Amino acid sequence: MKIDLHTHSTVSDGTETPEGVAAAAAAAGLGAFALTDHDSTAGWDDCAAKARQLDLMFVPGMEISCRSTEGISVHVLSYLQDPENRALRAEIDRTRQSRLIRAERMVERLSEDFPINWHHVAKHVTPGASVGRPHIADALVSAGIVTDRSAAFTEILTPKSRYFVSHYAPNPADAVALVRAAGGVPVFAHPVAHQRGRVVGTHTFGEMIDAGLLGLEVDHRDNPEESRQWLRRLAAEHDLLVTGSSDYHGAGKANRLGEFLTSAATLSRIEELASGAAVVRP
Ligand code: AMP
Ligand code: FE
Ligand code: FE
Ligand code: ZN
């Protein structure tokens, strides 16, 4: 069975609705998939309903935006956590609100040099969604300033650009602890994604492991081949699960569903370790 545990919908920065992601998962021949929108679980119910219809196993998840003490962006995947957990909800609600204000500030800065305003960006955001730079990228594409999201990131939206503004984000070790307290299984997403910016050192891995990290997303296109062996050794050393996933964003990224996979044994372990939500079976 093909299992892909990292996808995004219009609840965050993917281009397909949660139902659309389930349909795409079926079309890609997956047997099980997770929906892991940034800082939101709002897509779970629709995705689960569609997955059932399509005879797919569905793993409710989320990807939490974090920032290390050195200011480096870190993403923590959370599987099967209690979506109503107060402490975790408070944290992601705060991040989502900050994401909105941050996007507005970035657009203000961009509007000094480019013909875009908030209205143009809002057209690309589903109401209530976690707003990110990909939505700003969509407005830049619509205005004919860049050809696609990827070009917008390399040319205009990088953390080094003068248009960049950061948003509130919890410390990754704190996020790991919150996920565990909510009965979820925390997995460090694409830990060595160099081309997105700086990556954290062993110190941060150590803090996250001490806080209760349970897995590493080793097989992901943004982890360079040579780093994957190191990640596998680290996982073996600390008894961490190893996952592989696509990080599908619909038309928003080149990543294709099922391009990296997770084993059925690992999914079973995730299910055993979780106590906050259940895997949805057809
Ligand atoms: P933000 O959440 O606002 O910091 O934006 C980061 C998001 O942008 C990530 O979750 C990716 O989905 C997306 N992203 C990063 N780099 C690229 C790229 N080169 N092309 C398309 N999307 C990207
Ligand atoms: Fe994303
Ligand atoms: Fe990510
Ligand atoms: Zn992701």
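Scroll up to find the structure this text is about.
Residues numbered from 1 in each chain as written. Chains lettered and ligands numbered in written order. Predicted model: local features only at pLDDT ≥ 70, side-chain atom pairs only at ≥ 80, totals over all residues. Heavy atoms only, no water.

Right, let's get into the layout of surface pockets. Quantified by volume, the largest pocket comes out at close to 1400 Å³. Lining of the largest pocket is provided by 49 residues; of these, R133, F153, P159, R196 and G197 occupy positions nearest its centre. Those elements giving two or more residues to the lining of the largest pocket turn out to be β3 (57-67), β4 (73-79), α3 (86-111), α5 (133-142) and α6 (149-157). Size it by volume and the second largest pocket reaches roughly 200 Å³. Of all the secondary structure elements, the ones that give two or more residues to the lining of the second largest pocket are α2 (44-53) and α3. With five residues, the single largest contributor to the lining of the second largest pocket is α3. (1 Å grid on protein atoms, 1.4 Å probe; cavity = no way out; pocket = protein on both sides within 12 Å on 5 of 7 lines; lining within 4 Å. Points joined across faces, edges and corners; volume = space filled by probe spheres on them. Helix = DSSP H or I, 4+ residues; strand = E, 2+ residues; numbered from the N terminus.)

Let us now look at the coordination of the iron ion (ligand 2). Those protein atoms acting as donors to the iron ion (ligand 2) are D13 (OD), D13 (OD), H38 (NE2) and H249 (NE2), and they sit at 2.2 to 2.8 Å. One can describe the site at the iron ion (ligand 2) as irregular: its six donor atoms subtend angles covering 51 to 156 degrees at the metal. Along the chain, the residues donating to the iron ion (ligand 2) fall in the pattern D-x24-H-x210-H. (Donors = N, O, S within 2.8 Å, 3.2 Å for Na, K, Ca; no water. Tetrahedral: all angles 85-135°; square planar, octahedral: opposite > 155°, others 65-115°.)

Around the zinc ion (ligand 4), the protein contributes the donor atoms H6 (NE2), H8 (NE2), E63 (OE) and D247 (OD), at 2.0 to 2.3 Å from the metal centre. Here the zinc ion (ligand 4) binds four donor atoms, and the angle range of 78 to 172 degrees at the metal identifies the geometry as irregular. Each donor residue of the zinc ion (ligand 4) lies on the same chain, and together they follow the pattern H-x1-H-x54-E-x183-D. Metal-to-metal, the separation of the zinc ion (ligand 4) and the iron ion (ligand 2) is 4.6 Å.

All right, on to the site of ligand 1 then. Not every one of the 13 residues close to ligand 1 is listed here, only the nearest: H38, R99, R102, R133 and H249. Contact distances for ligand 1 include 2.8 Å between an oxygen atom and a backbone N or O atom of R133. Take S150: an N or O atom from its side chain is 3.4 Å from a nitrogen atom of ligand 1. Within the complex, 86% of the 500 Å² of free accessible area of ligand 1 lies under protein. In a pocket analysis with a 2 Å cut-off to the grid points, ligand 1 is assigned to the largest pocket. In terms of residue count, α6 provides more of the shell around ligand 1 than any other element does, three residues in total. Split into classes, the residues belonging to the shell around ligand 1 amount to two nonpolar, five polar and six charged. (Near = heavy atom within 4 Å. Polar contact = N/O pair within 3.5 Å; in protein donor to acceptor, adjacent residues only side chain to side chain. Areas by Shrake-Rupley, 256 points an atom, 1.4 Å probe, with all protein chains shown as cover. Sits in = over half its atoms within 2 Å of the grid points. Nonpolar A, V, L, I, M, F, W, Y, C, P; charged D, E, K, R; others polar.)

With that out of the way, let us pick up α2. What sets the pattern is the α-helix's 3.6 residues per turn: residues three or four places apart point alike. Among the residues of α2, W44, C47, A48 and A51 are the ones counted as buried. Buried positions in α2, seen along its axis, are confined to an arc of 100 degrees and lie on one side of it. Exposed side of α2, more than 90 degrees from the buried face: D45 and Q53 are the residues found there. D55, located one to two residues past α2, shows a positive phi value of around 65 degrees. (Buried < 20%, exposed > 50% of the residue type's maximum accessible area, 1.4 Å probe, protein only. Arc of directions from axis to C-beta.)

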